[in-house]
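# Residue-level structure breakdown
This is what each chain is made of:
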Amino acid sequence: TLPPVAVAGVRYFVAGAIYSGFAMVLTLMLPARAIFKLHDIITPQHVDKMAKIILLTGSFVTYAYAMEFFMAWYSGNQYERFAFWNRILGPYWWYWWVGMLFCNALSPQLFWFKKFRYNVYVVYFVCMCVNAGMWFERFIIIVGGLHRDFLPSSWGLFFPTWVDIWTFAGTFGIFTSLFLLFIRFAPMIAMSEVKIVLPEADPHHATPEE
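Report on the accompanying structure. Just so you know, the residues in each chain are numbered from 1, in the order the chain's sequence is written. With pLDDT at 70 or above as the cut-off, local features in this predicted model cover only qualifying residues; side-chain atom pairs require 80 or more to be listed or tallied, and sums for whole chains, interfaces and linings still use all residues. Remark: hydrogens and water are excluded; side-chain values derive from all non-hydrogen atoms of the structure.

### Here's the deal with the packing of aromatic side chains
Heads up, the condition is: Only the six-membered ring of Trp is used, alongside the rings of Phe and Tyr, when aromatic pairs are assigned; centres must lie within 6.5 Å, and planes under 30 degrees apart are stacked while those over 60 apart are edge-to-face, with the rest tilted. Throughout this description, buried means an accessible area under 20% of the type-specific maximum (1.4 Å probe, protein chains only), exposed means over 50%, and partly exposed covers the range between. By definition here, charges over rings are those cases where NZ of Lys or CZ of Arg is within 6 Å of the ring centre and within 35 degrees of the ring normal.
Counted under the stated rule, the structure contains 17 aromatic pairs. For the ring pair Phe113 and Phe116, a centre distance of 5.9 Å and an interplane angle of 90 degrees mean the geometry is edge-to-face. On the basis of relative accessibility, which here comes to 47%, the residue Phe113 falls in the partly exposed class. Ring geometry for Trp135 versus Phe136: centroids 5.5 Å apart, planes at 75 degrees, classification edge-to-face. For Trp135, a relative accessible area of 39% gives the class partly exposed. One aromatic cluster in this structure is built from Tyr92, Trp94, Tyr95, Trp135, Phe136, Phe139, Phe168 and Phe172. For the cation-ring pair, Arg184 lies above Phe185, with the distance from its terminal atom to the ring centre recorded as 5.0 Å.

Shown next as structure tokens:
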């Protein structure tokens, strides 16, 4: 069997990567679809299938969350148990309840219903929740695991400095700039994808000569 660290790695960096990746693609795709009138190319069926994948991978992540707590309890190790109890009852409790439980585990459950998968506003809301939830998850892994260390001096809350704040804001700026440059100078939709939805792709399409 895999050690707990390996299991956590598979969950955080495989299932979580697919989960947040599809959410991020929809976060960028839906506004671009509306602004550039791509409704005939990016159809509701595409959004529906992507929402289903988010639901599936979100269920994987939710199951992994539950198994983490179960393994901490089953291990009998008081320090491991404390680490997980500290997540939900410690100083950063609302990061877990809002970020990991609501955003990552509960919000994608709306996609069990077809009417929500075909509602772009609901889809966009869930995707934003997933994006935020995965950020909270990383925050909990790093800050939540370090704010109570072996030294009494480390028992304190994390307060970001101006360097932290502007570095975080800068990631949004550089990503947005690169994304806008990409859609300005490169085709947003692959030519092979466009050909499929053209009327001429239908074998029964009648040409003007006919």
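### Observations concerning the nonpolar core
Going by this rule: For the purposes of this section, nonpolar cores are sets of buried Ala, Val, Leu, Ile, Met, Phe, Trp, Tyr and Cys residues that join through side-chain atoms within 4.5 Å. Under the scheme used here, helices are H or I runs from DSSP no shorter than 4 residues and strands are E runs no shorter than 2 residues, and both carry numbers assigned from the N terminus. Working rule for contacts: check all heavy atoms of both residues, and any pair within 4.5 Å makes them a contact.
Core analysis: the biggest nonpolar cluster contains 31 residues, and Leu26, Ile54, Phe111 and Val123 have the highest contact counts within it. For this core, the secondary-structure elements that each account for two or more residues are α1 (4-35), α2 (44-75), α4 (93-106) and α6 (120-146). Looking at which element gives the most residues to this core, the answer is α6, with 10 residues. Here Ile54 is in contact with Tyr19, Phe22, Ala23, Leu26, Pro108, Phe111 and Cys127, once residues within four sequence places are set aside.

### Some remarks on the pattern of salt bridges
For clarity, the cut-off: The working definition used for a salt bridge is a side-chain nitrogen of Lys or Arg within 4 Å of a carboxyl oxygen of Asp or Glu.
With the rule as written, the count across this model stands at 4 salt bridges. The salt bridge involving Arg117 is made with Asp48; its shortest N-O contact spans 2.5 Å. Linking Arg117 in helix α5 (residues 114-117) with Asp48 in helix α2, this pair joins segments that are 69 residues apart in sequence. The pair Arg117 / Asp48 is uniform in exposure class, with both members buried. In this structure, the salt-bridge partner of Glu68 is Arg87, at a minimum N-O distance of 3.5 Å. Here Glu68, found in helix α2, pairs with Arg87, found in helix α3 (residues 78-89); they are 19 residues apart in sequence, far enough to count as distant. As far as the burial class goes, Glu68 and Arg87 line up, both buried. Within this structure, Asp48, Lys52 and Arg117 form a network of salt bridges that share partners.

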